[in-house]
Amino acid sequence: NKNYICSIAIFTLNKNKSFDFSSFYSKFSEYYPNLEQPSKKFLEWFIGFSEGEGSFILAKRGDLSFVITQSTTDIKSLNYIKDNLGFGKVIKQSVKQNTHRFVIQDFKNLYLICLLFNGNMVFPTRKARFLTFLSFYNEKLLKKNLNTITPLDVCVIPSLKDGWISGITDAEGCFTCSI
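Sequence order sets the numbering: in each chain, residues are counted from 1 along the sequence as written. Whole-chain, interface and lining totals are the exception, using all residues; otherwise, since this is a predicted model, local features are given only for residues with pLDDT of at least 70 and side-chain atom pairs are given and counted only at 80 or more. Each side-chain value is worked out from all heavy atoms of the structure, with water and hydrogens disregarded.

(A) Spotlight on the pairing of strand β2 (residues 64–71). Here the term buried applies to any residue with accessible area under 20% of the maximum for its type, exposed to any over 50%, and partly exposed to those in between, with areas from a 1.4 Å probe on protein chains only. Helix and strand definitions follow DSSP, with helices as H or I runs of at least four residues and strands as E runs of at least two, each counted in order from the N terminus. Burial analysis of β2 places six of its eight residues in the buried class, which makes it a mostly covered element. Criterion used throughout: strands pair if DSSP finds at least two bridges between them. Direction of pairing for strand β1 (residues 54–58) relative to β2: antiparallel, over a ladder of five bridges. Following the sheet pairing, Leu-58 is matched in β2 by Leu-64. Between β1 and β2, which follow one another and run antiparallel, lie five residues, and Gly-62 among them has a positive phi close to 100°. As judged from the six bridges shared by β2 and strand β4 (residues 99–104), these two strands associate in the antiparallel manner. Pairing of Phe-66 across the sheet is with Ile-104, part of β4.

In structure tokens form, the structure reads like this:
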């Protein structure tokens, strides 16, 4: 049956999907020709960390942003992200809650973030939220007569050879001991 064979071929293609940062690297080099590109391992880790702690925010007034919030005691992780990406900013969010945020709000760097996450996410629910964000971002691109980013509706299958599992573990993992 042809449909069965096609289904197996698609499953096989999706099963073996690995991280692909070529679009991100190409645009990063264009935007920041004098900056060293973030390493593949860092980007894998960053995607894992972001799937655990990051948010793609669509504000009611139409503003878009990518945000990672951490306790002020963990501000080093936010600065690590900013320093490795070469863009974004770390700001104090709340004195009462003692939190800081890594934020990307500018149009150019949101483009880079969209290229980075597009087709490189592991969790289907997080990917679905990202694709909604990308749809709104693409609308803004169209209004400026700019090329849109084609949404990639695939999920990556992480392995023990990439940095994703370290990122998601740093974001959501914990160690416990019961006696």
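(B) Here's a closer look at the sheet that holds β2. The four strands lie next to each other as β1-β2-β4-β3, forming an open sheet whose pairing is antiparallel. Edge strands, defined here as strands with exactly one partner in the open sheet, are β1 and β3 (89–94). Here the average twist between neighbouring strands, direction ignored, is 35°. Sheet strands in contact with helix α5 (residues 107–117) are β1, β2 and β4, and its direction is about 80° off that of β2. Inter-axis angles, ranging from 0 to 180 degrees, are taken between N-to-C directions of lines fitted to C-alpha atoms, where helices are fitted over the stretch in contact. Whether two residues are in contact is decided by their heavy atoms, any of which lying within 4.5 Å being enough.

(C) Just the packing of aromatic side chains, in detail. In this scheme Phe, Tyr and Trp rings, the latter by its six-membered ring, pair at centre separations within 6.5 Å, and the angle between planes marks the pair as stacked below 30 degrees, edge-to-face above 60, and tilted otherwise. Under the definition given, this model contains 22 aromatic pairs. Their ring planes at 55° and their centres at 6.2 Å tell us that Tyr-111 and Tyr-137 sit as a pair that is tilted. Linking Tyr-111 in helix α5 with Tyr-137 in helix α6 (residues 124–143), this pair joins segments that are 26 residues apart in sequence. Accessibility expressed as a relative area gives 14% for Tyr-111, which makes it buried. Under the relative-accessibility criterion, Tyr-137 is labelled buried at 0%. Grouping aromatic residues by their ring pairs yields a cluster made of Phe-42, Trp-45, Phe-46, Phe-49, Phe-56, Phe-66, Tyr-80, Phe-117, Phe-130 and Phe-133. In this analysis the charged atom, NZ for Lys or CZ for Arg, is taken to sit over a ring once it is within 6 Å of the ring centre and within 35 degrees of the ring normal. We note Lys-144 situated over the ring of Phe-107; from NZ or CZ to the ring centre the distance is 4.0 Å.

(D) Quick peek at the environment of Val-67. With respect to the helices, strands and loops of the structure, Val-67 is situated in strand β2. Excluding residues that lie within four positions of it along the chain, Val-67 makes contacts with Glu-53, Gly-54, Ser-55, Ile-57, Arg-101, Phe-102 and Val-103.

(E) Inspection of the nonpolar core at higher detail. If you look at the biggest cluster of nonpolar residues, it comprises 43 residues, and the most contacted ones within it are Phe-46, Phe-66, Ile-113 and Phe-117. Secondary structure elements with two or more residues in this core: α2 (22–31), α3 (40–53), β2, α4 (75–85), β4, α5, α6 and α7 (164–172). With eight residues, α5 is the single largest residue contributor to this core. Setting aside chain neighbours within four positions, we find Phe-66 in contact with Phe-46, Ser-50, Gly-54, Ser-55, Phe-56, Phe-102, Val-103, Ile-104, Leu-110, Ile-113 and Phe-117. Take the buried residues of types Ala, Val, Leu, Ile, Met, Phe, Trp, Tyr and Cys, join any two whose side-chain atoms come within 4.5 Å, and each joined set is a nonpolar core.

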